[in-house]
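# Structural description and commentary
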Amino acid sequence: MIEISCCKTLGSAQAPLHLQVDLALEPQTFITLSGKSGAGKTSLFRLLAGLLQPDRGRIVVNGIPWVDTDRKLNLPPQKRQIGYVFQDYALFPHMTVLENLRFALRKGQNPRIVADLLEMMELGGLQQRKPHQLSGGQQQRVALARAIAPNPKLLLLDEPLSALDRGIRTKLQDYLRLVHQTFGLTTLLISHDVAEIVKLSDRVILLDQGKVVRQGRPMEVYSSQTVSGKFQFIGEVLSLEQQDVIFIVAVLIGQDLVKVVADPQEAASLRVGDRVLVASKAFNPIIRPLVAHPATPSDLRPRP
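Quick summary incoming for the structure in this document. Everything numeric here is computed off the predicted structure, so don't read it as measured data. (Residues numbered from 1 in each chain as written. Predicted model: local features only at pLDDT ≥ 70, side-chain atom pairs only at ≥ 80, totals over all residues. Heavy atoms only, no water.)

## Describing the overall build of the chain
Operational definition: Only DSSP runs of H or I with at least four residues qualify as helices, and only runs of E with at least two residues qualify as strands; both kinds are numbered from the N terminus onward. The rule is simple: take the accessible area with a 1.4 Å probe, protein chains only, and divide by the maximum for that residue type; under 20% is buried, over 50% is exposed, in between is partly exposed. By definition, residues are in contact when any of their heavy atoms lie within 4.5 Å. The protein chains shown are the only cover counted for residues, whose accessible areas, like all others here, come from Shrake-Rupley with a 1.4 Å probe.
Helix and strand content of the chain: eight helices and 16 strands. A total of 304 residues make up the chain; the buried ones form 48% of that total. Sequence-distant contacts, at least 24 apart, represent 62% of the contacts inside the chain between residues at least 6 apart. Put simply, the chain shows about 15,700 Å² of open surface, and 51% of that area lies on carbon and sulfur atoms.

## Some points on the nonpolar core
To keep it simple, the criterion reads: Each nonpolar core is a collection of buried residues, namely Ala, Val, Leu, Ile, Met, Phe, Trp, Tyr and Cys, held together in the definition by side-chain atoms within 4.5 Å.
Leu101, Leu144, Leu155 and Leu157 are the most contacted members of the largest nonpolar core, which totals 35 residues. Put simply, the parts of the chain that give this core at least two residues each are helix H2 (97-103), helix H3 (112-120), helix H4 (136-148), strand E8 (154-158) and helix H5 (166-182). It is H4 that provides the largest number of residues to this core, a total of six residues. When neighbours within four sequence positions are excluded, Leu157 is seen to be in contact with Phe30, Phe45, Val85, Leu144, Leu176, Thr187, Leu188, Leu189 and Ile190. In this structure, Leu23, Val61, Leu156 and Ile190 belong to the second largest nonpolar core, which totals 30 residues.

## Details of the sheet that holds strand E7 (residues 82-85)
This is how the line gets drawn: Two strands qualify as a pair provided that DSSP identifies no fewer than 2 bridges between them. Throughout, an axis means a line fitted to C-alpha atoms (over the contacting stretch in the case of helices), and angles, computed between N-to-C directions, take values from 0 to 180 degrees.
Spatial strand order, E7-E8-E9-E3-E10-E11: six strands in an open sheet with mixed pairing. One side of each edge strand has no neighbouring strand; the edge strands of this open sheet are E7 and strand E11 (211-216). On average, adjacent strands in this sheet sit at an angle of 20° to one another, irrespective of strand direction. Of the strands in this sheet, strand E3 (30-35), E7, E8, strand E9 (187-190) and strand E10 (203-208) touch helix H1 (residues 41-49), which is tilted by about 150° from E8. Packed onto the sheet, H4 meets E7 and E8 and runs at close to 170° relative to E7.

## Section: H4
Which entries qualify depends on this criterion: Under the convention used throughout, the expected extent of a helix is 1.5 Å for every residue step, that is, one less than its residue count.
Relative to the 18 Å expected for 13 residues at 1.5 Å per residue, H4 spans 19 Å between its end C-alpha atoms, a close match to the ideal helical length. Counting buried positions along H4 gives 12 out of 13 residues, so the element sits mostly inside the fold. Gly137, Gln138, Gln139, Gln140, Arg141, Val142, Ala143, Leu144, Ala145, Arg146, Ala147 and Ile148 are the residues of H4 that are buried. The inward-facing, buried residues of H4 contact E7, H2, H3, E8 and H5.

## So, the pairing of E7
Residues Ile82 and Tyr84 point to one face of E7 and Gly83 and Val85 to the other, with burial holding for every one of them. Taken together, the four bridges between E7 and E8 define a ladder with parallel strand orientation. Paired with Gly83 across the bridge in E8 is Leu155.

## A few points about the environment of Ala24
Its location among the elements puts Ala24 in strand E2 (residues 17-25). Since its relative accessible area comes to 42%, Ala24 is described here as partly exposed.

## Remarks on the pattern of salt bridges
Rules: The salt bridge definition used is simple: a Lys or Arg side-chain nitrogen within 4 Å of an Asp or Glu carboxyl oxygen.
Considering all chains together, one arrives at seven salt bridges under this definition. As a salt-bridge pair, Arg112 and Asp116 come within 3.1 Å of each other at their nearest N and O atoms. Of this pair, Arg112 and Asp116 both sit in helix H3, four residues apart, roughly one helical turn. Residue classification places Arg112 among the partly exposed residues on the basis of a relative accessible area of 49%.

## Notes on the packing of aromatic side chains
Let me state the cut-off plainly: Pairing of aromatic side chains here covers Phe, Tyr and the six-membered ring of Trp, requires ring centres within 6.5 Å, and sorts the geometry by plane angle: under 30 degrees stacked, over 60 edge-to-face, intermediate tilted. Note on geometry: a ring has a charge over it if NZ (lysine) or CZ (arginine) is within 6 Å of the ring centre and within 35 degrees of the ring normal.
The tally for this structure, following the rule as stated, stands at three aromatic pairs. Ring plane angle 5° and centroid distance 4.2 Å describe the contact between Tyr84 and Phe86, whose orientation is recorded as stacked. Between Phe92 and Phe103, the ring centres sit 4.9 Å apart and the planes meet at 75°, which makes this aromatic pair edge-to-face. Of this pair, Phe92 sits in the loop between E7 and H2 while Phe103 sits in helix H2, placing them 11 residues apart in sequence. Each residue in the set Phe45, Tyr84 and Phe86 is aromatic and connected to the rest through ring pairs, giving one cluster. Residue placement shows Arg146 over the ring face of Phe92; its charged tip is 5.3 Å from the ring centre.

Set out below in structure tokens:
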């Protein structure tokens, strides 16, 4: 269990941000922090990593206190066993891929994990290259592998995919989920991409002006609760879930997640990733694919 109960005043005297969070995070879960810019997401990461000290509060990880202002306890970053992936990757430019990973190992740690990570992240053929010889997606895989190499208790990902195009981003999302599950990590991601959050996260925490305003399963947090009036929107299918004789279709429209009830005939024409039209018909939402394709029985099974 990771327990965070911290207060920190940030910013200038004219426009301070009062960060105040009380969270209990289950181990080995994938958690996303989201919210507007300036809500305090990166500052919370810095508190966890030991790069920022709270004005008051405690951080306890698996029963071990990392921060306790009452006891004047504040473990330095190197003793917190945290993996941190930044937006700019922060690779050592003079080192090869292999050297970047080896440098991250803790003293006395079995170096076998480096070979395992090179294979898992498909970096074996790139291990003798330096960062300037790699694409953005390749550099991001190296940064992720390096953060995992020392076997951290907590993996922090600060919008690591925001600068990548959609195709590479989707593939790297698969890598993130794979390493999270393989190494049994507790992973915290900062992201504004609802589709990414729904795909990766077990739990999402929304911050606003330094406070937690909502948290829960992504589908619950982002689902629209009401629909009124006439509407017509285009979105992307994120999931299809069968419930008795109907299907619940989750559709991303802009940055909003909408759930639409579909009958088996409608669901048979849909696949995850489809662009669809969601419209009203006699006050009931209907859903239609923009590009038709034949359905197979497997298409109607719930997606993981």
